[in-house]
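# Breakdown of the fold
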Amino acid sequence: MVVQSQPATLTHCSLIETCNKPTTVFTSIPVINLEDPESKFLMVKACEEYGFFKVVNHCVPMEFITRLESEAVEFFNLPQSEKDKAGPPDPFGYGSKRIGSNGDVGWIEYLLLNTNPQVVSLKTLAIFRQRPEVFRSSAVNDYIQAVKTLAFEVLELIADGLKIEPRDALSKLLRDENSDSCFRLNHYPPCPEPEALSGRNLVGFGEHTDPQIISVLRSNNTSGLQICLKDGTWVSVPPDESSFFINVGDALQVMTNGRLKSVRHRVSANTHKSRVSMIYFGGPPLSEKIVPLISLMGKQEESLYKEFTWWEYKTSAYKSTLADYRLGLFQKT
Ligand code: GA4
């Protein structure tokens, strides 16, 4: 599936950094087969070591994935003036180059949507009403429902692997009708010629950790995703269009008192091909206290973090820039 290559008219190009440090390919990426009886232990191990793993043998129908991808491609192929009608992202809606509201920029355009039917933003509704011929089906809803189910299953397996009781202690936060979750469709256009020729890749999405509990990412067959290992080395993740990648978010790091690590990751813009990714970010209700789970804490173990609600964390996150270490403000000294 190809997004038509657009002329390089992105205006803030000069502000978008390039990253020319060579990254090695992450060949030892943990691959978790959901049908493997050992998957819960392997998942925990991967979350402790990398905060990241790949899931195969998932139950998300391929037809949901391809249908949404083709609708997203159709949307991103619309004239700029049409797409701009669905923006600016505040934070939901269509955005181009600017990420968040504190000066981050990237070689990217995207649609950011709220997944909670209770609080579907007017902007989201407008996107669907305005372009019924593009988002004509229930593709977004079908896809989100399916990846949510995958996220529940992953969180329940992690809870089992960590002997957390009850096993839905984590997943119930995403199942909650007030769960503050969101969904992102990203398009990274091919890199413009001068950059491509210099062999330097533009930053598509700058390095960051996801604030939520867990993120479920799927991309087309274009590379770009890189994760940071414990020793600070960046490695590139080979794309796999039929699998899902799971990221541990900051909230899960806190709820496991630092045992599972939220993963720093970024996307470099690929030289020739356009990259399309779709990510579900599973977050708790705004009023939820984010504290280490009692069943996980040793007798004398103290929380590494100050007590805060998801609303407080999110508010602080939205004042930060992408690369900031957001958990720092909430760590006990
Ligand atoms: C990173 C993870 C998700 O994409 C996101 C991003 C959000 C945004 O794009 O509006 C943020 C970023 C993300 C963290 C810090 C703030 C907020 C941009 C930014 C600079 C939707 C999210 O929840 O946090």
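Whatever comes next refers back to the structure up there.
Model, not experiment: these values are computed from the prediction. (Residues numbered from 1 in each chain as written. Predicted model: local features only at pLDDT ≥ 70, side-chain atom pairs only at ≥ 80, totals over all residues. Heavy atoms only, no water.)

## Looking at the site of the ligand
To keep things clear, this is the line we draw: Neighbouring residues are identified by heavy atoms, a residue being near a molecule or strand if any of them is within 4 Å of it. Whenever a nitrogen or oxygen atom comes within 3.5 Å of another N or O atom, the pair is scored as a polar contact, on the condition that within protein one atom can donate a hydrogen and the other can accept it, and that pairs from neighbouring residues in sequence are kept only if both atoms are in side chains. Using the Shrake-Rupley algorithm and a 1.4 Å probe, accessible areas are obtained, with residue cover drawn only from the displayed protein chains. Each residue is assigned to one class: nonpolar for Ala, Val, Leu, Ile, Met, Phe, Trp, Tyr, Cys and Pro, charged for Asp, Glu, Lys and Arg, and polar for all the others, Gly among them.
Around the ligand lies a shell of 15 residues, among which Arg184, Asp210, Gln212, Phe281 and Arg326 are the nearest. Between the ligand and Arg184, the relevant distance is 2.9 Å, taken from an oxygen atom to a side-chain nitrogen or oxygen of the residue. Gln212 is positioned such that a nitrogen or oxygen atom in its side chain is 2.8 Å from an oxygen atom of the ligand. Relative to its unbound accessible area of 460 Å², the ligand is 98% covered by the protein chains. Of the residues that constitute the shell around the ligand, the class distribution is 7 nonpolar, 4 polar and 4 charged.

## Considering unusual backbone geometry
In most cases, non-glycine residues show a negative phi, while peptide bonds are predominantly trans. Rules: Under the scheme used here, helices are H or I runs from DSSP no shorter than 4 residues and strands are E runs no shorter than 2 residues, and both carry numbers assigned from the N terminus. Each residue is placed in one exposure class: buried if its accessible area under a 1.4 Å probe, protein chains only, is under 20% of its type's maximum, exposed if it is over 50%, and partly exposed if it falls in between.
Omega for the bond connecting Gly87 with Pro88 falls within 30 degrees of zero, at -5°, which places this linkage in the cis form. Within the fold, Pro88 resides in the loop between helix H3 (80-84) and strand E5 (93-99). Of the consecutive residues Glu165 and Pro166, the connecting peptide bond is found in the cis state with omega at -5°. For Pro166, the location among the structural elements is in the loop between helix H5 (139-161) and helix H6 (171-175). Phi is positive for Lys97, which is not a glycine, with a value near 70°. In this fold, Lys97 is placed in strand E5. A positive phi is found at Asn257, a non-glycine position, where the angle reads about 50°. Using a relative accessible area of 7% as the deciding quantity, one classes Asn257 as buried.

## A short note on the side chain of Ser179
Topologically, Ser179 is positioned in the loop between H6 and strand E7 (182-188). Looking at Ser179, its side chain comes within polar contact range of the side chain of Ser181, at 2.7 Å.

## Structural notes on the pattern of salt bridges
Once the charged atoms of two side chains with opposite charge are near each other, the side chains can pair. Put simply, the rule reads: Any Lys or Arg side-chain nitrogen found within 4 Å of a carboxyl oxygen on Asp or Glu counts as a salt bridge.
All told, the structure shown has 13 salt bridges when counted by the stated rule. As a salt-bridge pair, Glu156 and Arg167 come within 3.5 Å of each other at their nearest N and O atoms. With a gap of 11 residues between them, Glu156 in helix H5 and Arg167 in the loop between H5 and H6 connect regions that are remote in the sequence. The exposure class assigned to Arg167 is partly exposed, which follows from its relative accessible area of 39%.

Everything listed is a geometric property; what it means functionally is a separate question.
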